[in-house]
Amino acid sequence: MYRAVIVDDRNEDLIFVENILKNWAEKRKISIKIQLFPSAESFLFEFAEEKNFDILLLDIEMPGMDGVTTAKRIRKINETVQIIFISGYSDYISEGYEVSALHYLLKPVREEKLIEVLDRALNKIEKNGSFLELKVSGELLRIPCHEIKYIDVYRNYVTVHGKEEYSIKRSLSDILTELDERFYKAGRSLAVNLDYVRRVSKTEIRLSDGSALPLPRGAYEGINRAIIERD
């Protein structure tokens, strides 16, 4: 059972998007529970009690708290919920990157485009259930792949950076065979989870937690291409 939330102050938009979700779930033969909220405040009241949501379709311009502020609050607690912004204005597209939004849809929403985005959301939800297995000090650890921000190499050791750091004596290429396409090898000594990338310059990669990774020479175009292809 997947859980989806639609937040919009316009009732007709709530019903329109809900119908698309129902049709999509029926065609994909999946079970989904859909909840509708007319404001960010009403949703956050529910979220305080139940944080296990999979998909959040969020209007941006609403009376009271706006969608971007709401998404920032949610993202501090739930790192895996797939956030889809829906708005009548394109002014906020850049802010979507700050909360790892999956997509930004402009109103009026086209059904075929929303279905395409929902398919991507489902794919990411399923991938978030994958793990990287590491043997550390004789103990087998299973690290959720979505928690891994980046992996780097120092001498003969690879360090996996997530909620904690684990260093093991393995090659970076060997570890990457166990990971999916969200991980991009930016050089001989660095692989980064593209879901955490917020900005790329000629010299560094800036992650969502504010940390900066040095970008190897010649890697700028490749990582930008990888980000564009994922979008």
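Going by the structure above, here's the rest.
Here we summarise the structure given alongside this text. Owing to the predicted nature of the structure, the values given are computational and were not obtained by experimental measurement.

Here's the deal with the pattern of salt bridges
So, point 1. All told, the structure shown has 18 salt bridges when counted by the stated rule.
So, point 2. Measuring nitrogen to oxygen at the nearest pair gives 2.8 Å for the salt bridge that ties Asp 180 to Arg 182.
So, point 3. Between Arg 206 and Glu 204 there is a salt bridge, with the nearest N and O atoms lying 2.9 Å from each other.
So, point 4. Taking relative accessible area as the criterion, Arg 206 reaches 26% and is therefore assigned partly exposed.
So, point 5. Shared partners join several salt bridges into a network, and the residues in it are Asp 8, Arg 10, Glu 12, Asp 13, Asp 59 and Lys 107.

Describing the sheet that holds strand 9 (residues 157-161)
So, point 1. Pairing in this open sheet of five strands is antiparallel, and the strands run 10-9-8-12-11 from one edge to the other. Every interior strand has two partners, whereas the edge strands, strand 10 (165-168) and strand 11 (183-187), have only one. Each neighbouring strand pair of the sheet contributes to a mean axis angle of 20°, computed without reference to strand direction.
So, point 2. With four bridges joining them, strand 9 and strand 10 adopt antiparallel strand pairing. Looking at strand 10, one finds that His 161 is bridged to Glu 165.

Observations regarding the nonpolar core
So, point 1. Counting residues in hydrophobic clusters, the biggest one holds 25 residues, and the most contacted among them are Leu 21, Trp 24, Ile 55, Leu 57, Ile 84 and Leu 114.
So, point 2. Of all the secondary-structure elements, those providing two or more residues to this core are strand 1 (2-7), helix 1 (11-28), strand 2 (32-37), strand 3 (55-59), strand 4 (82-87) and helix 5 (111-127).
So, point 3. At seven residues, helix 5 tops the list of elements feeding residues into this core.
So, point 4. Dropping the residues within four chain positions of it, Trp 24 is found in contact with Ile 30, Ile 32, Ile 55, Ile 115, Leu 118, Asp 119 and Leu 122.
So, point 5. If you look at the next biggest cluster of nonpolar residues, it comprises 21 residues, including Val 7, Leu 44, Ile 60 and Ala 71.

Remarks on the packing of aromatic side chains
So, point 1. Evaluation of the coordinates by the stated rule reveals five aromatic pairs.
So, point 2. Ring-pair connections join several aromatic residues into one group, and the members of that group are Phe 37, Phe 43, Phe 47 and Phe 53.
So, point 3. Just above the ring of Phe 47 sits the side chain of Lys 51; from NZ or CZ to the centre is 5.8 Å.

Thoughts on the packing of helix 2 (residues 40-47) against helix 3 (residues 67-77)
So, point 1. The geometry of helix 2 relative to helix 3 is characterised by a closest axis approach of 11 Å and an angle of 10° between their N-to-C directions. In this view, helix 2 runs roughly parallel relative to helix 3, as classed from their interaxial angle. Judged by the sense of rotation from one axis to the other, the crossing of helix 2 with helix 3 is left-handed. Within the contact between the two elements, helix 2 uses Ala 40, Phe 43, Leu 44 and Phe 47 and helix 3 uses Thr 70, Arg 73, Ile 74 and Ile 77.

The rules behind each value
- Residues numbered from 1 in each chain as written.
- Predicted model: local features only at pLDDT ≥ 70, side-chain atom pairs only at ≥ 80, totals over all residues.
- Heavy atoms only, no water.
- Salt bridge = Lys/Arg side-chain N within 4 Å of Asp/Glu carboxyl O.
- Buried < 20%, exposed > 50% of the residue type's maximum accessible area, 1.4 Å probe, protein only.
- Pairing = 2+ DSSP bridges.
- Helix = DSSP H or I, 4+ residues; strand = E, 2+ residues; numbered from the N terminus.
- Axes fitted to C-alpha atoms, helices over the stretch in contact; angles between N-to-C directions.
- Core = buried A, V, L, I, M, F, W, Y, C linked by side-chain atoms within 4.5 Å.
- Contact = heavy atoms within 4.5 Å.
- Phe/Tyr/Trp six-rings, centres within 6.5 Å; stacked < 30°, edge-to-face > 60°.
- Lys NZ or Arg CZ within 6 Å of the ring centre and 35° of its normal.
- Parallel < 35°, antiparallel > 145°, perpendicular 65-115°, else oblique.
- Left-handed = near helix turned anticlockwise from the far one by under 90°.

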